[in-house]
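Reading the structure
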Amino acid sequence: PAAEYCYNYTTAGTKAGDWHLPSFAEAKKIYDVQDTLNSSLRSLSISFYFGSTFWTSNEMNGTNAIYILMNYGLSSDYCSEKTYNYHAIPVLHYHDEEDFCSVGSVLYEDKKCYGIGTTNKTPIGIVFDPDNRLAVALSAAPNNLKFSEDATINVPGTEDCTNLLKYYTTCGIDGKVNTAEIIA
């Protein structure tokens, strides 16, 4: 399932548990800057783009989870049965104390940002939220991941998000916490 894929995702300089499935609030931030992210990916000669349907780490209720549709410029939030197949995009909380990262900066294996081509380190992500130090992976999972295998289980510890305003403000806004709850 999607949360496990993101939790187990690894790159140079990261290990299982470093990455997570984004919350809806985090995925909305990715949507808001996807043109910049796509430009940064192209500068690395990576053809992945943010134009598809992605699971978030939020549930609507016991049988449905929330996904974000980024196709064709739509930032629509929807819920779907947890057994439907969509993409998952791993997100990383990095710790660059020097604050050189901005939206679209390439994040490297030491979890710092440098100018493209100025380091021999391996790129691992693109920064989408420098205020909260969040970066998105350089690739997404294929479109074959379910939120969970059992659509009738309500994940303990995660809030049911039934109000659109809560998606952005209070309902499970930390994808790392949500992911830990989902895979526990």
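Residues numbered from 1 in each chain as written. Predicted model: local features only at pLDDT ≥ 70, side-chain atom pairs only at ≥ 80, totals over all residues. Heavy atoms only, no water.

1. Observations regarding the nonpolar core
Membership of the largest hydrophobic core comes to 22 residues, with the highest contact counts inside it found for Ile-30, Leu-37, Ile-68, Ile-126, Phe-128 and Val-136. Mapped onto this core, the elements with two or more residues apiece are α2 (24–32), α3 (34–43), β3 (64–69), β6 (106–108), β7 (123–129) and β8 (134–137). Judged by nonpolar contacts, the second largest core, of 14 residues, contains Ala-3, Leu-21, Tyr-86 and Ala-141. (Core = buried A, V, L, I, M, F, W, Y, C linked by side-chain atoms within 4.5 Å. Buried < 20%, exposed > 50% of the residue type's maximum accessible area, 1.4 Å probe, protein only. Helix = DSSP H or I, 4+ residues; strand = E, 2+ residues; numbered from the N terminus.)

2. Focus: the confidence of the model for the protein chain
Considering every residue of the protein chain, the mean pLDDT works out to 83; 80% of them sit at 70 or more. Ranking the elements of the protein chain by mean pLDDT puts helix α4 (residues 164–169) last with 57 and strand β1 (residues 19–20) first with 97. (pLDDT = per-residue confidence, 0-100.)

3. What about the packing of aromatic side chains?
Within a pair of aromatic rings, the relevant descriptors are the distance that separates the centres and the angle that separates the planes. The tally for this structure, following the rule as stated, stands at seven aromatic pairs. Linked through ring pairs, Trp-55, Tyr-67, Tyr-86 and Phe-147 together constitute an aromatic cluster. (Phe/Tyr/Trp six-rings, centres within 6.5 Å; stacked < 30°, edge-to-face > 60°.)

4. Points about the state of the cysteines
According to the stated counting rule, one finds one disulfide in the structure shown. Residue Cys-101 pairs covalently with Cys-113 via a disulfide, S to S 2.0 Å. Because the torsion about its S-S bond is 105°, the bridge between Cys-101 and Cys-113 counts as right-handed. Separated by 12 residues along the polypeptide, Cys-101 in the loop between β5 (91–93) and β6 and Cys-113 in the loop between β6 and β7 bring together distant segments of the chain. A single burial state applies to Cys-101 and to Cys-113, both of which are buried. (Disulfide = S-S within 2.5 Å.)

5. So, the pattern of salt bridges
By the definition in use, this model includes four salt bridges. Measuring nitrogen to oxygen at the nearest pair gives 3.1 Å for the salt bridge that ties Lys-15 to Asp-18. With relative accessibility at 16%, the residue Asp-18 sits in the buried group. Where Asp-129 meets Lys-29, a salt bridge forms, and the shortest distance between an N and an O atom there is 2.9 Å. Here Lys-29 lies in helix α2 and Asp-129 lies in strand β7, a separation of 100 residues in the sequence. (Salt bridge = Lys/Arg side-chain N within 4 Å of Asp/Glu carboxyl O.)

6. Some remarks on the pairing of β8
Across three bridges, the pairing between β5 and β8 is antiparallel. Counted as the bridge partner of Val-91 is Val-136 from β8. Relative to β8, β7 runs antiparallel, the two being bridged by four bridges. Within β8, the residue paired with Asp-129 across the bridge is Leu-134. Between β7 and β8, which pair antiparallel and follow one another directly, the connecting turn spans four residues, one of which, Arg-133, has a positive phi of 55°. (Pairing = 2+ DSSP bridges.)

7. With respect to helix α5 (residues 175–183)
Among all positions in α5, only Gly-175, Asn-178, Thr-179 and Ile-182 are buried. For α5, the angular spread of buried residues about the axis comes to 100°, placing them on one side. Against α1 (2–8), β1, α2 and β2 (53–59) lie the buried residues of α5. The opening residue of α5, the one whose side-chain oxygen lies 3.0 Å from the backbone nitrogen of Lys-176, is Asp-174. (Arc of directions from axis to C-beta. Contact = heavy atoms within 4.5 Å. Polar contact = N/O pair within 3.5 Å; in protein donor to acceptor, adjacent residues only side chain to side chain.)

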